[in-house]
Amino acid sequence: MKRLSLSAFFVLLAVFLVGCSDKNETGNTEALDQETPKVELIISAAASLTDALEELKRSFEEAHEGISVIYNFGSSGKLATSIENGAPSDVFLSASSKDMNDMQDKELLVNESRKNFAENALVLITHKDSDSAISSFKDLDPAIIDHLAVGEPESVPVGRYTKETFESLDLWKPLQDKLVLGSDVRQVLTHVEMGNVEYGVVYSSDAFISDDVKTLAESEADWHEPIVYPAAVVAESKHQEAAQQFLDYLTGDEGKETLQKFGFK
């Protein structure tokens, strides 16, 4: 009887020790996870960057364990306004210097982090099945056009560049009744892809990624302000070190190759 009790005691003791060991290992794992929390970077980026940045996301996260990227795409003007109004953001990638300058003037950026990382061109597009013979912006005749999609010029950079171009050609006012305004450049592209309009004005990189449109003409550089893409860390970011790592990656070899792959200069 005593032998049986003693054996049972040792069995219970062994189970108890194993249980304590498992708890310690679990506790150590949980402590390690708590020591290395994952950083979530919110990147506010111009809509024209969508495809290039989505591809860059995976390689960046693989190269920077512990950092995940969340994108917020839209028109540069609206993104700038949302950041100014307190929307969370760690990095701002703009399709125009104007919106970035406004942010910098309001002390909303880490100034030393600002850097230009890409350029683009303005193009006139139509649906791939169109038989249009237009070969220049100058060829647009308001009298025979029904609908022309452009970005909203007050908040969408591609719209500002478009307005400047048409003003240079004395076409802005004559075209007013024909314009269909888009909330960002991708909406302009979609209008043309779906055949909602005869023509549209987008960036060359947007036309580059679409199989449903064709480019008719490219705007001359002196018709509008230079199309430059600046980037900067947002001053209110709680992850400025990780944000800078993202900018360094974007402006490094990997970022440059990806941007060029999607039609940026």
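Residues numbered from 1 in each chain as written. Predicted model: local features only at pLDDT ≥ 70, side-chain atom pairs only at ≥ 80, totals over all residues. Heavy atoms only, no water.

Undergrad: Would you mind showing me how to read the pairing of strand β1 (residues 39-46) here?
TA: Within a regular strand, the side chains alternate between the two sheet faces. In terms of burial, β1 is largely enclosed, as six of its eight residues are buried. Across eight bridges, the pairing between β1 and strand β2 (residues 67-74) is parallel. Following the sheet pairing, Val 39 is matched in β2 by Ile 67. The handedness of the β1 to β2 crossover, carried by helix α2 (residues 50-63), is right-handed. Alignment of β1 against strand β3 (residues 91-93), held across three bridges, turns out to be parallel. (Buried < 20%, exposed > 50% of the residue type's maximum accessible area, 1.4 Å probe, protein only. Helix = DSSP H or I, 4+ residues; strand = E, 2+ residues; numbered from the N terminus. Pairing = 2+ DSSP bridges. Right-handed = clockwise from strand over helix to strand, strands pointing away.)

Undergrad: In this structure, what is going on with the environment of Ser 219? I would like to understand it.
TA: Relative to the helices and strands, Ser 219 is located in the loop between β9 (213-218) and β10 (228-233). When the C-alpha positions of Ser 219 and Leu 122 are compared, they lie 5.4 Å apart, and in sequence the two are 97 residues distant. Beyond its immediate sequence surroundings of up to four residues, Ser 219 is in contact with Leu 122, Phe 137, Thr 165 and His 224. A polar contact is formed between the side chain of Ser 219 and the side chain of Thr 165, at a distance of 3.4 Å. (Contact = heavy atoms within 4.5 Å. Polar contact = N/O pair within 3.5 Å; in protein donor to acceptor, adjacent residues only side chain to side chain.)

Undergrad: Please explain the sheet that holds strand β6 (residues 148-151) as it appears in this structure.
TA: Sheet strands associate in pairs through backbone hydrogen bonding, adopting either a parallel or an antiparallel arrangement. If you trace the five strands from one edge of the open sheet to the other, you get β7-β6-β8-β5-β9, paired in mixed fashion. In the strand order of this sheet, the two ends are held by β7 (179-182) and β9, each with one partner. Recorded for the sheet is a direction-independent mean angle of 35° between the axes of neighbouring strands. In the sheet, β6 pairs with strand β8 (residues 199-203) via two bridges, with the strands oriented parallel. Bridged to Ala 149 within β8 is Gly 200. Across the face of the sheet, helix α5 (residues 157-168) comes into contact with β5 (122-127), β6 and β8 while running at roughly 115° to β8. Contacts from helix α6 (residues 185-193) reach β5, β6, β7, β8 and β9 within the one sheet, and its direction differs from that of β8 by about 145°. (Axes fitted to C-alpha atoms, helices over the stretch in contact; angles between N-to-C directions.)

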